[in-house]
Amino acid sequence: MAYIHLDGVSRQYGSVWAVDRVNMAIEKHEFVSLLGPSGSGKTTLLRIIAGLERPTQGRVLIDGEDVTELPPHKRGVAMVFQEFLLFPHRTVYENLAFPLRMLKLPKGEIEARVEWVVGILALRGLETRYPNQLSGGQQQRVALGRGLVGRPKVLLLDEPLANLDRELRQEMEVEIRKHQTGLGIPFVYVTHNQEEALSMSDRIAVVRGGRIEDFASRADIYDRPKTAFIAQFVGRSSRFEAIVAGGDRRLALRGDGILIEAESQPGLALGERVAAYVKNEKVRLKPAEPGGADAPNALPATVRHVILRGAYAEYVLGWSGGELIASRPRSEAEFAEGAAVTAFWNAADVDLFPVSEPGR
Amino acid sequence: MKGRVAPAVFLGIPTLFLAALFVLPLLSMLVLSVWRTENYHIIRDVSFHNYAVLATEGAYMTFLMRSLVMATAVSAICTLIAWPVAYGITLYGGRYKLLFTLAFAVPFLTGEVLRIIALQGLLGPLGLLNGVLLALGAAPLRVIMYTNVASAIGLVYLYLPIVVTVIYLSLLNFDQRLIDAATIFGASPARAFFEITWPLNLFGTLIGFALCFIPCLSATLAPRFLGGPNGTLYGMAMAQQFGESGTWALGAAMGVVLFAVSVLLVVVAARLVDLRRTGFTGFGRG
Ligand SMILES: Nc1ncnc2c1ncn2[C@@H]1O[C@H](COP(=O)(O)OP(=O)(O)O)[C@@H](O)[C@H]1O
Ligand SMILES: [Mg+2]
């Protein structure tokens, strides 16, 4: 039996189902991310686990206990909010001591535990400050500390890093994951930022329109997207439309001026329209060779822009059917803007999805 | 250039304003209070005679004490009523919030005198309330006929809208999600109220309390029309010095005493309360 169970959980606002028949099982030592675009229902789902919101339907179980009817203060969960929500009239020390006071722990125990959090989160020297005397990063640490100090059954985090700058965010990602491993409690982490989800999670639930699109290991989510939405939302990729033209072990697909070869997939019939996604980093480049056209998975293209991203160079390529991006390590041969190249990739790196509705 | 002129203008105007409307009248009161009035004439020799009268004639002390008790009681009652009312509006007002806020200003569209006289019509011996009681064969309620209770009711009625408005504005600026945070971390709803909601709205509550308390101290109309023979309040007595009795200098001295008492109360309150812990947001960062 998993540690946290969501059993057919739904939440309706007016005529909108913010959360729609969600089933999830989260293990005790797991770091799980809820990844989805803004408005997809992530916060609502988190608030349902916290007890701040009641599900319209379904049940929530934590540690074997049905907590669906339990108010938040009796659930033993903790939360880190996007806006921090530190108590502005209390010092850092008092903010950190708050969950412990509510647990009615003896004074000595409270002091020891706050001391512990102050230590692991590098808050020493800030104990007597008020929240408005702290930087964003420091407030974030206090918010995290307040979440950890009571040793909750589960820590819920709602986009906790969204208000921090990039550098600080990456630092905190490492730290958050470290504390999760150290404490051995499940973290449920809400984010719309795929990099955050990919960097920390054991498993990722992709949320879309209140539903869980897929709940799988981060490698599976990234490398083997189950739906076109996931292929589009996780990682960066180029998309081609094509028609299944034949083949058995390998599928041949024909699009506008492009020939794609992909590994065979069940359920794709001859003549069916499909969308093919190739991740930017799977697209490789070589100098254009005359007369070498018509090979599958190879596109003659021109380098339009080169965007340097530290260790990577992003090539924006123009081809007869539009644009395509290749992300290559700087250690590889570089191409100048205007260069004629051939972009190519492996059949195994093509993710195929039937196009059900036009424009999807 | 801009960096110097703007603060000078924006701080200068309120300073002038304060000087003209507050400091100058106060100074003139101070001066008048050490002069004398005889037969409706001001005699300009300096003495502390007026203050001696206030200290020795017991009636003034009684009026002051009665006023302090009255103002405290009325402000406390107003605050107790205003809190749930204001809180209810912030919670359930929905899109009618603005309407409710404006509605509280409606009583001010009629003058204070009118409202007090209307209340007299409700509470008096021949008033609506006792009229109904009599018609039903019951005894009239004596406590509301020209008593201090009637005065208190009148003052609550007069100042409740202000207190509700001030507390409501405070609650409007209060981030309700802090309550979510408190309950997540183990506070019951009641606990969350006393740990979070109440302290973070204490500043607003104190302002509301003060905006009721101070005018209650110097109230003249309510005790005059609703209070009975034992209902004379300090402000009413003070007004009489400037009116019927024509003892302006004594009235000025009473005013100075009232001002001193008010300042003292504010100072005591400020010493008892740590503004940082009251939801006062004027400190900014740093
Ligand atoms: N209190 C509420 N009242 C009405 N609609 C709400 C409420 N909270 C959320 N919603 C709606 O539910 C949907 C999901 O919202 P939310 O859970 O905040 O998404 P996310 O956190 O993924 O951005 C949105 O369409 C939002 O407008
Ligand atoms: Mg959200």
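What counts as what
- Residues numbered from 1 in each chain as written.
- Chains lettered and ligands numbered in written order.
- Predicted model: local features only at pLDDT ≥ 70, side-chain atom pairs only at ≥ 80, totals over all residues.
- Heavy atoms only, no water.
- Salt bridge = Lys/Arg side-chain N within 4 Å of Asp/Glu carboxyl O.
- Helix = DSSP H or I, 4+ residues; strand = E, 2+ residues; numbered from the N terminus.
- Pairing = 2+ DSSP bridges.
- Axes fitted to C-alpha atoms, helices over the stretch in contact; angles between N-to-C directions.
- Contact = heavy atoms within 4.5 Å.
- Near = heavy atom within 4 Å.
- Polar contact = N/O pair within 3.5 Å; in protein donor to acceptor, adjacent residues only side chain to side chain.
- Areas by Shrake-Rupley, 256 points an atom, 1.4 Å probe, with all protein chains shown as cover.
- Nonpolar A, V, L, I, M, F, W, Y, C, P; charged D, E, K, R; others polar.
- Parallel < 35°, antiparallel > 145°, perpendicular 65-115°, else oblique.
- Left-handed = near helix turned anticlockwise from the far one by under 90°.
- UniProt positions renumbered as here; feature names shortened; annotations may be inferred.

S.K.: Explain the pattern of salt bridges to me, please; I cannot follow it from the model alone.
M.R.: Any two side chains of opposite charge can pair if their charged atoms end up close together. Inspection of every chain in the model, using the stated rule, returns 33 salt bridges over all chains. The closest approach of N and O atoms between Asp 202 of chain A and Arg 177 of chain A, which form a salt bridge, is 3.2 Å. Taken together, the residues span a long stretch of sequence, with Asp 202 of chain A in the loop between helix H6 (194-200) and strand S9 (203-208) and Arg 177 of chain A in helix H5 (residues 166-183) at a distance of 25 residues. With a shortest N-O distance of 2.9 Å, Asp 175 of chain B and Arg 177 of chain B are connected by a salt bridge. If you follow the salt bridges from partner to partner, you end up with Arg 11, Arg 47 and Glu 53 of chain A together with Asp 180 of chain B in one network.

S.K.: How should the sheet that holds S9 of chain A be read in this particular structure?
M.R.: Each strand in a sheet pairs with its neighbour through backbone hydrogen bonds, running either in the same direction (parallel) or in the opposite one (antiparallel). Residues and elements named next belong to chain A. Reading across the sheet, the 6 strands line up as S6-S7-S8-S3-S9-S10 and stay open at both edges, with mixed pairing between neighbours. With partners counted over all chains shown, the strands left at the sheet margins are strand S6 (77-80) and strand S10 (211-217), one partner each. Pairs of neighbouring strands in the sheet enclose a mean axial angle of 20°, with direction left out of account. Alignment of strand S3 (residues 31-35) against S9, held across 4 bridges, turns out to be parallel. Among the inter-strand pairings, Leu 35 is bridged to a residue of S9, identified as Val 206. Along the sheet, H5 contacts S3, strand S7 (154-158) and strand S8 (187-191); its crossing angle with S8, the most-contacted strand, is approximately 160°.

S.K.: Help me understand the site of ligand 1 in this model?
M.R.: Residue and element names in this part refer to chain A. As a matter of local geometry, ligand 1 sits amid Tyr 13, Ala 18, Pro 37, Ser 38, Gly 39, Ser 40, Gly 41, Lys 42, Thr 43 and Thr 44. Residue Ser 40 places a main-chain N or O atom 3.1 Å away from an oxygen atom belonging to ligand 1. Interatomic distance of 2.5 Å between a side-chain N/O atom of Thr 44 and an oxygen atom of ligand 1. Burial of ligand 1 by the protein amounts to 56% of the accessible area it has alone, namely 560 Å². Per-element accounting of the shell around ligand 1 gives the leading share, 3 residues, to helix H1 (residues 42-50). Residue composition of the shell around ligand 1, grouped by class: 3 nonpolar, 6 polar and 1 charged.

S.K.: What exactly am I supposed to notice about the packing of helix H12 (residues 234-242) of chain B against helix H13 (residues 248-272) of chain B here?
M.R.: Two packed helices can be described by the angle between their axes and the distance between those axes. Residues and elements named next belong to chain B. Their axes nearest at 7 Å, the elements H12 and H13 cross at an angle of 150°. Looking at the two axes, H12 sits roughly antiparallel to H13. Note that H12 runs across H13; the crossing there is left-handed. Each of Tyr 234, Ala 237, Met 238, Gln 241 and Phe 242 in H12 lies in contact with H13, whose residues at this interface are Trp 248, Leu 250, Gly 251, Ala 252, Met 254, Gly 255, Val 257 and Leu 258. Its residues assigned to classes, the contact of H12 with H13 shows 10 nonpolar, 3 polar and no charged.

S.K.: Just to check I follow, could you spell out the UniProt feature "transmembrane region" (unreviewed entry) in chain B for this structure?
M.R.: Residue and element names in this part refer to chain B. If you check UniProt for "transmembrane region" (unreviewed entry), the listed places come out as residues 9-35, 63-86, 98-123, 143-169, 200-226 and 246-270 in our numbering. Along residues 9-35, the helical share is 93% and the strand share 0%, with 38 Å between the first and last C-alpha atoms. Counting secondary structure, residues 63-86 comes out at 100% helix and 0% strand; the distance between its end C-alpha atoms is 33 Å.

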